[in-house]
Every structure is written in structure tokens, then in C-alpha cells.
Amino acid sequence: MTTARDLLVVVIDTRSGTSVEWGDLSLALAGAELLDLIDAGAADLDGDRVVPPPRQAAEPAAGPAVDDPLLRQAASALVRKEPHEPVEDWLWRRGRDLVAAYLAELGTTGSAAARWRTRKPSLSIDPSALADSPARRHANDRWAAHEPVLTALAAAAGVGARDDGDPGAGDPGNGVGDRDVLADLGDDRIVTVLAAVNEAVVELAGVRQRRAVEAAAFDNIWRAV
């Protein structure tokens, strides 16, 4: 299991009967992929820009093997020529329709029955669509242990953990979590990616709010006619 798959499992199990914003989750999934690529040595950061490792810059095939098919797609999507992408640009580009890609993968790999309900811009999935499996238990174990990276990504997607760590008892959260806790991980790249995820989610929330205001103003105009 990858961090992105763990994140989707946690969101499904935690937000039973409610929904998360499709766009927020897509951005968080893209961030999860980037963190896994960095951890695998298939990507790196130069400041706030996503770069391939030096040995991959010229010969991508020579880089570290990435077993997960969607993670391989993410690795192949890296911009290998200068100027490299800022992390936030990567999130927007890679995150486009990423939730749908992961849901389709869950359905085709046998990890879940194809019984989900999706409705843009919100997403609601019945947890019974997920089979009880070691992969699902692994994701929930990470969640129950308050694993900092998974917790921060889930918070960006609108899921928060209560103190008991029960995936079924989540409250909506905001932000990337406690920066002091993340700093204890000893890798500035993690903090950079999580901060970019949070900033992108905040930006997307602003776009949704502006559109809601514009729609309300339009409705008021028609009522006045």
C-alpha cells in the first residue's frame, strides 16, 4: 500500500455517511504520491521545486523501481527539464481527476467492490465497498497511531482524528497539522510538501467561496426581475 491508498481508505472509513470535497482529496492524494516518490528516491525537492534525482535526470529508466501502477504514473509525470515545477503546480497538475483514478483502481484490483457513490464536487463512499484486507487494516493502523504524515494529509482533505484514533470517529480537520510535530520527522521536504498541500486546499476553498457568492448574487438578480 502507498500513502495515497492509505489516505483514501482512511477517508472512506472515517467519513461514513458524509462527504469530502473532491478537489481537496485530489490535492491531498497528489501530495501523498509526491511524498512516496521522495521516500523511494524517485523524486526530490530543490527548495520548493520538484526535481528528479541526479541519476534520473537524463535516464529515467535507471531510477529506483516503483511497484505501484499509479505511483509509476506519477513518477513518469515528473518534469525532468528546467525550470522544474513548484510543488504546488505539481499538486494541481497531478491532482486533476486523481480521486477517480484511485477509485477505479480500487474497483479493478479487487480491494473494493465497485459500489461507491461519487458526485462532484463532493465525494461520499460507503465503507462496505472496501473489503476487509491486510491493506485496509494497515491503513487504519497508521491512522490509529496518529502517523504524522497521514494525519496531516487527511486533515487537508477534511478528516480529523480524535484522541482515541478510531477511524470511524473522525472530525473534519484543517491544515497540515502541528509543524513542530512534522519538524520532528527530520526532513524539511515533508514539511514543504504538506505546507503546499494545505495552501492549495485553502486556495481551492477560496475559489469555491467566490463561486458561491457569485451564484447567490445571480439568483438575487433573477428574483428581483
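As shown above, the structure is provided for reference.
Before going into details, it helps to say that this report is about the structure given with it. Since this is a predicted model, take the numbers as computed values, not measurements.

Size it by volume and the second largest pocket reaches roughly 190 Å³. Lining the second largest pocket, in full, are Thr 3, Leu 35, Asp 36, Ile 38, Asp 39, Arg 142, Val 149, Asp 187, Arg 189 and Ile 190. Of all elements in the fold, only helix 2 (22–40) and helix 9 (188–224) reach the threshold of two or more residues within the lining of the second largest pocket. Here the element with the most residues in the lining of the second largest pocket is helix 2; it accounts for four residues. Here the residues of the lining of the second largest pocket sort into four nonpolar, one polar and five charged.

What follows concerns the side chain of Asp 36. Structurally, the position occupied by Asp 36 is in helix 2. One buried charged residue, Asp 36, remains without a salt bridge, the closest side chain of opposite sign being Arg 142 at 6.0 Å. With near-sequence residues (within four places) excluded, Asp 36 lies in contact with Thr 2, Thr 3, Ala 4 and Leu 71.

Let's shift gears to the nonpolar core. Residues Leu 7, Leu 25 and Leu 91 are the most contacted members of the largest nonpolar core, which totals 53 residues. Elements that contribute at least two residues to this core include exactly helix 1 (3–14), helix 2, helix 3 (69–76), helix 4 (87–95), helix 5 (98–108), helix 7 (148–156) and helix 9. Top element by residues in this core is helix 2. It accounts for 11 residues.

Turning next to the pattern of salt bridges. This model, assessed by the stated rule, comprises nine salt bridges. Residue Asp 13 is joined to Arg 136 by a salt bridge in which the shortest nitrogen-to-oxygen separation is 2.5 Å. Of this pair, Asp 13 sits in helix 1 while Arg 136 sits in helix 6 (residues 134–144); the two residues are 123 residues apart in sequence, bridging distant segments of the chain. Looking at Asp 13, the relative accessible area reads 11%, which means it is buried. The class for Arg 136 is buried, based on a relative accessible area of 17%. Linking Arg 189 and Asp 187 is a salt bridge whose minimum nitrogen-to-oxygen distance equals 2.8 Å. Exposure remark for Arg 189: the relative accessible area of 27% places this residue in the partly exposed category. Residues participating in the shared-partner salt-bridge network are Arg 5, Asp 68 and Glu 105.

We now examine the environment of Thr 3. Position of Thr 3 relative to the elements: it lies in helix 1. Among the residues examined, Thr 3 registers a relative accessible area of 7% and is labelled buried. Beyond its immediate chain neighbours, meaning those up to four positions away, Thr 3 contacts Ala 32, Asp 36, Arg 142, Leu 150 and Leu 153.

Turning our attention to helix 3. Leu 70, Leu 71, Ala 74 and Ala 75 are the residues of helix 3 that are buried. One side of helix 3 holds all its buried residues, which, seen down the axis, span an arc of 145°. Two or three places before Leu 70, at the start of helix 3, stands the capping residue Asp 68, its side-chain oxygen 3.1 Å from that residue's backbone nitrogen.

Calculation criteria
Within each chain, residues carry numbers counting from 1 in the order of the written sequence. Per-residue local features are limited, in this predicted model, to residues with pLDDT of at least 70; the limit for side-chain atom pairs, both in listing and counting, is 80 or more; totals at the level of whole chains, interfaces and linings are taken over all residues. Side-chain measures here rest on the full set of heavy atoms in the structure, leaving out hydrogens and waters. Think of a 1 Å grid over the protein atoms and nothing else: a 1.4 Å probe that fits but is trapped marks a cavity, an open set flanked by protein within 12 Å on at least five of seven lines marks a pocket, and residues with an atom within 4 Å of a point count as lining. Grid points are joined across faces, edges and corners, and a volume is the space filled by probe spheres set on the points. Put simply, DSSP H or I for four residues or longer makes a helix, DSSP E for two residues or longer makes a strand, and each gets a number counted from the N terminus. Under this grouping Gly is polar, as are all residues other than the nonpolar Ala, Val, Leu, Ile, Met, Phe, Trp, Tyr, Cys and Pro and the charged Asp, Glu, Lys and Arg. In this scheme, a residue with accessible area under 20% of its type's maximum is buried, one over 50% is exposed, and one in between is partly exposed, where area comes from a 1.4 Å probe on protein chains only. Residues scored as charged are limited to Lys and Arg (positive) and Asp and Glu (negative), so that His and the chain ends carry no count. Salt bridges are defined by distance alone: a side-chain nitrogen of Lys or Arg within 4 Å of a carboxyl oxygen of Asp or Glu. Any two residues having at least one pair of non-hydrogen atoms within 4.5 Å are treated as being in contact. Buried residues of nine kinds, namely Ala, Val, Leu, Ile, Met, Phe, Trp, Tyr and Cys, make up a nonpolar core once their side-chain atoms join them within 4.5 Å. Taken from the helix axis, the directions to the C-beta atoms give the arc we talk about. Pairing of N or O atoms within 3.5 Å defines a polar contact, subject to two protein rules: one partner must be a possible hydrogen donor and the other a possible acceptor, and residues neighboring in sequence count only if both atoms are side-chain atoms.

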